[in-house]
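# Fold and geometry: a report
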Amino acid sequence: MPFTVPSLPYALDALAPVMSAETLDLHHGKHHQAYVTKLNELVPGSAFEGLSLEEIIRGSFERPGAEAIFNNAGQHWNHNFFWPSLRPDAGGMPGRLESRLKGDFGTIDAFNAEFVKQGLAQFGSGWVWLVQTREGRLAVTKSANAINPLVHDQTPLLGCDVWEHSYYVDYRNRRADYLQAFVDHLVDWDVVASRLPA
Ligand code: FE2
């Protein structure tokens, strides 16, 4: 079964002006599609044929010769996780998530600031994440290129794409403005809360 790009759960123009239709069209229709097309070329006949996407990611991470499969599988998973994390007119935060964030960051503002700071600190392409660690704490982490929390046995709750293709049309080089708009206006906190382990 070839991998496919999932449909967006909102219209292309639904997130404007925070994230424009042009950005979404390019990002979802061209960039995400390109990772999936490449993955479908690489997997057949490889050691990863027949495995789930998560199994491919864990099995190809830091495996010599499997870099291209890891990068395209990781980016497919990362974008699958990214799209449903967004919604227009993002609303309030469920109490269960709010209390966990306050417990580990002090305040919601402090969490938001840490998320923006780590997203800015990622040198070059990559992602910034909210995760639950193996010890059960919430933490903000960053990763290069296609790497994601699965390979560190962490539970991802939220990921923000800081590849330039995610913000350059709308924000040019102002990654900080993109990250701030992301946490202030774009995150579906209900979805993030639903990812908290029970
Ligand atoms: Fe992306």
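Residues numbered from 1 in each chain as written. Predicted model: local features only at pLDDT ≥ 70, side-chain atom pairs only at ≥ 80, totals over all residues. Heavy atoms only, no water.

### Thoughts on the coordination of the iron ion
Our working rule: Water is not part of the atom set, so a site may look incomplete; the donors themselves are N, O and S atoms within 2.8 Å of the metal, or 3.2 Å for Na, K and Ca. A four-donor site is called tetrahedral if each angle lies between 85 and 135 degrees; a four-donor site is square planar, and a six-donor site octahedral, when trans pairs exceed 155 degrees and the remaining angles lie between 65 and 115; all other cases are labelled irregular.
Looking at the metal site, the iron ion is ligated by His27 (NE2), His79 (NE2), Asp161 (OD) and His165 (NE2), spaced 1.9 to 2.1 Å from it. Around the iron ion sit four donor atoms; with metal-centred angles ranging over 90 to 140°, the donor geometry is irregular.

### Considerations on the packing of helix H1 (residues 21-42) against helix H3 (residues 67-82)
The axes of two packed helices give the description: the angle between them and the distance between them. So the rule is basically this: Axes here mean lines fitted to C-alpha atoms, for a helix over just the part in contact, with angles spanning 0 to 180 degrees between N-to-C directions. Strands are runs of DSSP state E lasting at least 2 residues, helices are runs of H or I lasting at least 4, and numbering of each runs from the N terminus. Should an angle fall under 35 degrees it is called roughly parallel, over 145 degrees roughly antiparallel, and 65 to 115 degrees roughly perpendicular, with every other angle called oblique. Each crossing gets its handedness from the near helix: less than a right angle anticlockwise from the far helix is left-handed, clockwise is right-handed. Contacts were defined at the residue level, with two residues in contact if any of their heavy atoms lie within 4.5 Å.
Relative to each other, H1 and H3 sit at 140°, their axes nearing to 9 Å. Judged on the interaxial angle alone, H3 and H1 are oblique. Judged by the sense of rotation from one axis to the other, the crossing of H1 with H3 is left-handed. In contact with His27, His32, Ala34, Tyr35, Val36, Lys38, Leu39 and Leu42 of H1, H3 contributes Ala68, Ile69, Asn72, Ala73, Gln75, His76, His79, Asn80 and Phe82.

### Here's the deal with the domain arrangement of the protein
This is how it is decided: Reported domain spans reflect what an automatic or database domain assignment gives. Here the quantity called buried area is the accessible surface, traced with a 1.4 Å probe, that two parts lose on coming together, added over both. Here a salt bridge means any side-chain nitrogen of Lys or Arg lying within 4 Å of a carboxyl oxygen belonging to Asp or Glu. For this analysis, a polar contact is any N or O atom pair within 3.5 Å, provided that within protein one partner can donate a hydrogen and the other can accept it, and provided that sequence-adjacent residues contribute only side-chain to side-chain pairs. Classes in brief: Ala, Val, Leu, Ile, Met, Phe, Trp, Tyr, Cys and Pro nonpolar; Asp, Glu, Lys and Arg charged; the others, Gly included, polar.
What the domain assignment reports for the protein is domain 1 (21-85) and domain 2 (95-194). Facing the 21 residues of domain 1 at the interface are 26 residues of domain 2. Counting each side, the surface lost to burial between domain 1 and domain 2 is near 1900 Å², with a carbon and sulfur contribution of 66%. For the domain 1 face of the interface with domain 2, the top three residues by lost area are Thr23, Phe82 and Ser85, together amounting to 28%. At the surface where domain 1 touches domain 2, the tally comes to zero salt bridges. Between the two partners, domain 1 and domain 2, sit nine residue pairs in polar contact (both at pLDDT 80 or more). Residue assignment for the side of domain 1 that touches domain 2 shows that the elements contributing at least two residues are H1, helix H2 (53-60) and H3. Looking at the side of domain 1 that touches domain 2 residue by residue, the classes come out as nine nonpolar, nine polar and three charged.

### Side note on the side chain of Asn112
With respect to the element layout, Asn112 can be found in helix H5 (residues 108-121). The residues contacting Asn112, other than those within four sequence positions of it, are Val183 and Asp184.

### Focus: the pairing of strand S2 (residues 138-144)
What counts is decided by this rule: When DSSP finds two or more bridges between a pair of strands, those strands are recorded as paired.
The pairing of strand S1 (residues 126-132) with S2 spans seven bridges and is antiparallel. Residue pairing for S2: Gly126 is matched across the bridge by Ala144. The antiparallel pairing of S1 with S2 creates a hairpin that spans five residues between the two strands, and Gly136 there sits at a positive phi of about 90°.

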